[in-house]
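# An overview of the molecular structure
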Amino acid sequence: MRLTHWLNALRSPVGAVSATLLSAFIVLALIAPIIWGDAAEQTDPSALSQGPSAEHFLGTDGLGRDIWMRVLVATRTSLGLAVLATLIAVSIGTLLGVLPAVLGRRAGRLAVALVNLAVAFPALLLALFFAVIFGIGAKGAVLAIGIAGAPSFARLVQTNVAAVAGRDFVSAARVAGVGRVRLVFRHLLPNVGEPLVVNATVMAGGALLAFAGLSFLGIGVQPPTYDWGRLLGEGLSRIYLNPAAALAPGVAVVLAGLAFTLLGETIAQVVGLRTTARRGHLGVLPTLRRREPDEPTTTQPGSNGASVYDGVSTQHAAASTDGSTVRPDDAVLVARDLTVSFPGPRGWTHPVDGVDLTVHRGETVGIVGESGSGKSLTALAVARLAPEEAVVRASTLNFLGTSLPDRSDAELRRLLGTSMAMVFQDPMTSFNPSMRVGRQLAEVTRTHEGHSRRAAWDRAVDRLRKVRVPAAERRAAQYPHEFSGGMRQRAMIGMGLMSSPDLVIADEPTTALDVTVQRQVLRLLREVQRESGAAVVLISHDIAVVSQMCERIVVMYSGRVVEELPVDRLAEAAHPYTRALLGSVPDLATDVDRPLATIPGRPPDPGARPPGCAFAPRCAFADDTCTAPPVLEDVAPRQRAACWHPQSGPVAPSPLAGAEPAVDVPTRTGGQP
Amino acid sequence: MTAPPVAVTRRGGLPAGVRNPWLVFLGRRFARLVVSLAVLVTLAFLMIHLVPGDPVRAALGLTAPAELVEARRESLGLNDPLIVQYGNYLSGLFRGDLGVSMTSGVPVVDTIGQRLPASASLGLSAFVVIMVSAIPLGLAMAVLTRGGRRRGVELGFTSTSAMIAAIPEFLLAVGLIFVFAVTLGWLPVAGRGGLDSYLLPVLALSAGPTLVIARIVRVEALAVFGQDFVRTARAKRLPPWRVYFRHAFPNALTSTLTIGGLLLGSMIVGTVLVENVFAWPGMGMTIVQSILAKDYPLVQAAVLVYGLAVLLVNLMVDLLLAVVDPRSTIREA
Ligand code: SF4
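Thresholds, definitions, all that
- Every chain's residues receive numbers from 1 upward, in the order its sequence appears when written.
- A letter from A marks each chain and a number from 1 marks each ligand, given out in the order of writing.
- With the structure being a predicted model, the display of local features is reserved for residues of pLDDT at least 70 and the display and counting of side-chain atom pairs for 80 or more, all residues being used for whole-chain, interface and lining totals.
- Values reported for side chains reflect all heavy atoms of the structure, with hydrogen atoms and water molecules removed beforehand.
- Each helix is a run of H or I in the DSSP string that is no shorter than four residues. Each strand is a run of E no shorter than two, and both are numbered from the N terminus.
- Any residue under 20% of the maximum accessible area for its type is buried, any over 50% is exposed, and the rest in between are partly exposed; the area is computed with a 1.4 Å probe on protein chains only.
- Contacts are residue-level and defined by heavy atoms, with any inter-residue pair within 4.5 Å sufficient.
- What sets the accessible areas is the Shrake-Rupley method with a 1.4 Å probe; for residues, cover comes only from the shown protein chains.
- A residue counts as positive if it is Lys or Arg and as negative if it is Asp or Glu; His and the chain ends are not included.
- Charge coordinates come from a single atom per side chain, which is NZ of Lys, CZ of Arg, CG of Asp or CD of Glu.
- Structural elements are reduced to axes, namely lines fitted to C-alpha atoms, with helices fitted over the stretch in contact, and the angle between N-to-C directions of any two is expressed from 0 to 180 degrees.
- Roughly parallel here means an angle under 35 degrees, roughly antiparallel means over 145, roughly perpendicular means 65 to 115, and every remaining angle is called oblique.
- Two aromatic rings from Phe, Tyr or Trp, using only the six-membered ring of Trp, form a pair when their centres are within 6.5 Å; if the ring planes differ by under 30 degrees the pair is stacked, by over 60 it is edge-to-face, and anything between is tilted.
- Here, over-ring charges are defined by two tests on the NZ atom of lysine or the CZ atom of arginine: distance to the ring centre within 6 Å, and angle to the ring normal within 35 degrees.
- In short, DSSP must find at least two bridges between two strands for them to pair.
- The term salt bridge refers to a side-chain nitrogen of Lys or Arg lying within 4 Å of a carboxyl oxygen of Asp or Glu.
- Accessible area that two parts lose when put together, evaluated with a 1.4 Å probe and summed over both, is termed the buried area.
- Amino acid classes used here: Ala, Val, Leu, Ile, Met, Phe, Trp, Tyr, Cys and Pro are nonpolar; Asp, Glu, Lys and Arg are charged; the rest, including Gly, are polar.
- By convention in this text, a residue qualifies as near a molecule or strand provided that one of its non-hydrogen atoms is within 4 Å of it.
- The split of the chain into domains comes from an automatic or database domain assignment.

## Some words on the overall build of chain A
- Each helix and strand counted, chain A has 22 helices and 13 strands in total.
- Counting over 673 residues, chain A shows a buried share of 51%.
- The long-range share in chain A, meaning contacts at least 24 apart out of those at least 6 apart in sequence, stands at 68%.
- Accessible area for chain A stands at about 29700 Å²; split by element, carbon and sulfur atoms hold 58% of it.

Right, here's the structure in full:
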């Protein structure tokens, strides 16, 4: 532990308070009996049980002794006995705790069982029990509290030692023939010291309170000696005459107990510093001070709906050449300029940055991208399920012709609850573990369609049957953990089918499943789409999965859409990133003998996006033009890409490996937004 | 959150008697209860024998004539071989005979029958208060401070609750007496009487555990709010109360119950101190007075009563846990 850590801890409010309190008590314990010891014994028959006065700061007790001095002097006894009891508890607890490691397996198990049995009883009950055996008085009480505290400490030692005992260096020592006792004291205990010190400190606070309790009951310190507990007991009987006589020792006990507990917390902070400091760098959004953004959470559409539709329709007017009637009112979902922002320690980050997404009735759209491309967050945002701290903005966010930001929560629930279904990545964690699967399905129509319990249950069983959960009747009554992974995911799809959805958003629905199950789930999704006519948005990092299932593919990179194309144009993808994704898939024109290409480099952090094209650092075709942001533009009918140098021609297996720019690289000029 | 990827399927669908995880769990749990009970009873019996020196001499005082001590030893059966005494003690227990008080000569069972209701009513009231206030408070705090909202509320709640929970119940009792009985004169300072006499002791007993449990509920609920199935519940567009109460809360209950059970166990024993602060005529006064008077048969019985209460609370908590979180039950069994 470095000194600076301690100094920092002392500077924190908790550390400073505990250090000040504790040093004050220690100084008092040392000097108070020497200075005021005699005065505190002085009886004054002319001033019995008096309230506070100039002469006696907190008044006097029944024999006319000064309460304030007695409280000060009692510090030594109170602290000393508490520390003594803690030492006993820690010694016995450590011995009991290392026994399983020292003794053989069988004897060790006995020690564990013994400790478990004793821990079941509250320490105070054990203390009372031992107080009977050791007799009334300070000595008995110290032993009683010490022994009563031992089991919980032993439990702590046991768990900590057991955690360390499996580590390499312990095994190495064991192999090297280090004896058991030596092993414990040289290798095990030193490595669990930190939590033990923390807990011993906190325990000292507990011992202090327990001692005060026993003394208060008359079982602890006996006259003429006195500690805070006994002063409290004496003061309580005269609380009408002089409340201070009862309150002052009580306050002293609480303060001293607090000093120990806070010291324990400070030590924990110091020893825990290494882990917490490291963790702070990992999270995308480390704990932060929440700052309300100036902007409203959802912007009202600045332009009126019609003009927005104009924008959408012009773009698809060109696309509807091959007879697929794509009219604006056909859109299930329209999101324009969707941005999702998170407050961060260094300002806002935008993991989704101006995404346009339109999904038509009955259409299957795939959103592809590496993890961190913002594809899932895009889906959550349009579904109004983004995390609480996220700020979602869009110039248009329409679902079935309804502008979502304009609706109240209750209206949204009614609309989305029946018309939009979600399927999440991990079917294991996406079901409520403590609720029967059938109930979780039934809940949907019970809430939104007012079905009776019975009707909703029947519907749930029917839906489970529909998604081919075998023995649906019985399965409905089971808990999620009794389902297999694929079955859970099918049940999740079944949950989406409780009503008749117009849109199913499936976020990596097959990623957590193994290959054969993946195929089943995809087949089911396709079937659902065909039968119900619902539009499907399938989100995946795997372009192969998406191309099996979808008509149109949206490729996302670093929070933006970089290419949008029909699945049959995939072989002629224009954006280098799309081509790279395809190159990393083994089945499209790949030589089986070649190692699978991966895209070198990593996507940029949303907080540190390069200016211009975010893909530039990993792109073989990047040049100076690419420092300006490319916009999505048509490169072919129904195909749009955001790239200064869109590629043409069939996708090579791995366009990035030693790639030479294709001969005919068209360079766009102008076109800056 | 790890479970076998393959479901536990049993052909025929009917739980096969012996392998039923519930039966296995119950069997184990009751076996543990029996062992704990046996240890408790044995320790209570041994207590008098573990006292160094002659407990009867210690109880009657050094001045007591030797014949009296001997007669008392004889009447307590202390001169029999240990194993015979143990047998007598056990058979007495089954007959509901806990011996006779050494100081008053009254059968111990009568004393307990007289004192226990006062303690039980106090403990149960405190328990009810804790349950009806801690869980809604913790949940409300979790909902209010979710996703890092309302830092001020969070800080206020965590620091106040930490402060109050750091004050042991008997000191809190003293403070409450000072404020409400001595200064304001609203409530009786001590004794057991009407409903108003319950207010302060119950408050003193329940304040700390309520706040601690509320803190746990809050932290657990916040952790659950971030989990996938809560997102699923939101994706089903359930009303917020249903998301919080039906989906989030039951899954936050496990550790709440675990720690809450420990707190309740120590609250039972905490009544000993609080009863003594309020001069409450219950078991707490009895056990302290009998310890001070070295009235061993009474101490023995009181220790048994408290130990039994704690074991029953632990049992109840474990059974509740099994109902709330059947997964862990099955894993354990
Ligand atoms: S804009 Fe430039 S850097 Fe970006 S993908 Fe196209 S060629 Fe590569």
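Let's pick the thread back up.
## A look at the overall build of chain B
- Secondary structure assignment for chain B yields 13 helices and zero strands.
- Along its sequence from the N terminus, chain B presents helices and strands in the succession α-α-α-α-α-α-α-α-α-α-α-α-α.
- Across its three principal directions, the C-alpha atoms of chain B cover 85 × 65 × 30 Å.
- Per-residue burial for chain B yields a buried fraction of 46% across its 333 residues.
- Of the contacts formed within chain B by residues at least 6 apart in sequence, a portion of 72% connects residues at least 24 apart.
- Summed over its atoms, the accessible surface of chain B is roughly 15300 Å², and 69% of this surface lies on carbon and sulfur atoms.
- Where the 27 positive side-chain charges of chain B centre and where its 17 negative ones centre are 21 Å apart.

## Here's the deal with the packing of helix α3 (residues 67-102) of chain A against helix α10 (residues 228-236) of chain A
Residue and element names in this part refer to chain A.
- Look at α3 against α10: their axes get within 8 Å of each other, and the N-to-C directions meet at 140°. In terms of orientation, α3 lies oblique with respect to α10. Along the contact surface, α3 presents Arg 70, Val 71, Ala 74, Thr 75 and Ser 78, while α10 presents Trp 228, Arg 230, Leu 231 and Glu 234.

## Here we look at the packing of aromatic side chains
All names here are of chain A.
- Counted according to the given criterion, the structure contains eleven aromatic pairs over all chains.
- Pairing Phe 129 with Phe 130 gives two aromatic rings, centres 5.3 Å apart and planes at 80°, and the pair type is edge-to-face. Residue Phe 129 shares its accessibility class with Phe 130, and that shared class is buried.
- Cluster of aromatic residues (ring-pair linked, three or more members): Phe 129, Phe 130 and Phe 134.
- It is Arg 475 that lies over the ring of Phe 483; its NZ or CZ is 5.4 Å from the centre.

## Let's talk about the pairing of strand β5 (residues 396-399) of chain A
Residue and element names in this part refer to chain A.
- The side-chain alternation of β5 yields two buried faces, one formed by Thr 396 and Asn 398 and the other by Leu 397 and Phe 399.
- In the sheet, strand β1 (residues 331-344) pairs with β5 via four bridges, with the strands oriented antiparallel. The residue bridging Val 334 from the neighbouring strand is Asn 398, located in β5.
- Following β5, the chain reverses through two residues before pairing antiparallel with strand β6 (residues 402-403); Leu 400 in that reversal takes a positive phi of roughly 55°.

## Side note on the environment of Leu 124 of chain A
- Relative to the helices and strands, Leu 124 of chain A is located in helix α5 (residues 123-134).
- What makes Leu 124 of chain A buried here is its relative accessible area of 18%.
- A sequence separation of 87 residues divides Leu 124 of chain A from Phe 211 of chain A, and the C-alpha atoms of the two residues are 9.8 Å apart.
- Contact partners of Leu 124 of chain A, with chain neighbours within four places excluded, come to Val 269 and Leu 273 of chain B.

## Topic: the pattern of salt bridges
All names here are of chain A.
- On inspection of all chains with the given rule, the structure shows 22 salt bridges over all chains.
- For Arg 552, the salt bridge is made with Glu 564, and the minimal N-O distance between the two is 2.6 Å. Placement of Arg 552 in strand β10 (residues 552-557) and of Glu 564 in strand β11 (residues 560-566) is noted, with a sequence separation of twelve residues between them. Here Arg 552 matches Glu 564 in class, with each residue buried.
- One salt-bridge network, in which partners are shared between bridges, spans Glu 363, Arg 552, Glu 564 and Arg 640.

## Notes on the environment of Gly 140 of chain A
All names here are of chain A.
- Position of Gly 140 relative to the elements: it lies in helix α6 (residues 138-165).
- Overall, the relative accessible area of 4% leaves Gly 140 in the buried class.
- Along the sequence, Gly 140 and Leu 522 sit 382 residues apart, while their C-alpha atoms lie 72 Å from each other.
- The residues touching Gly 140, leaving out its near neighbours within four places in the chain, are Phe 134 and Gly 135.

## Things to note about the interface of chain B and chain A
- Chain B puts 75 residues into the contact, and the matching count from chain A is 69 residues.
- Carbon and sulfur atoms make up 71% of the surface buried where chain B meets chain A, a total of about 6400 Å² over both sides.
- Between Glu 443 of chain A and Arg 242 of chain B there is a salt bridge, with its nearest N and O atoms 2.9 Å apart.
- If you tally residues by element for the side of chain B that touches chain A, the top one is helix α10 (residues 240-277) of chain B, at 13 residues.
- Each residue belonging to the side of chain B that touches chain A can be placed in one class, and the counts come to 49 nonpolar, 14 polar and twelve charged.

## Structural notes on the site of the ligand
- Residues in close proximity to the ligand include His 575, Pro 576, Cys 613, Phe 615, Ala 616, Cys 619, Phe 621, Ala 622, Cys 626, Cys 643, Trp 644 and His 645 of chain A, which together make up its full environment.
- For the shell around the ligand, the class distribution of residues is ten nonpolar, two polar and no charged.

## Things to note about the domain arrangement of chain B
- Taken as a whole, chain B is organised into domain 1 (21-94) and domain 2 (120-292).
- The centre of domain 1 of chain B, based on its C-alpha atoms, is set 36 Å off from the matching centre of domain 2 of chain B.

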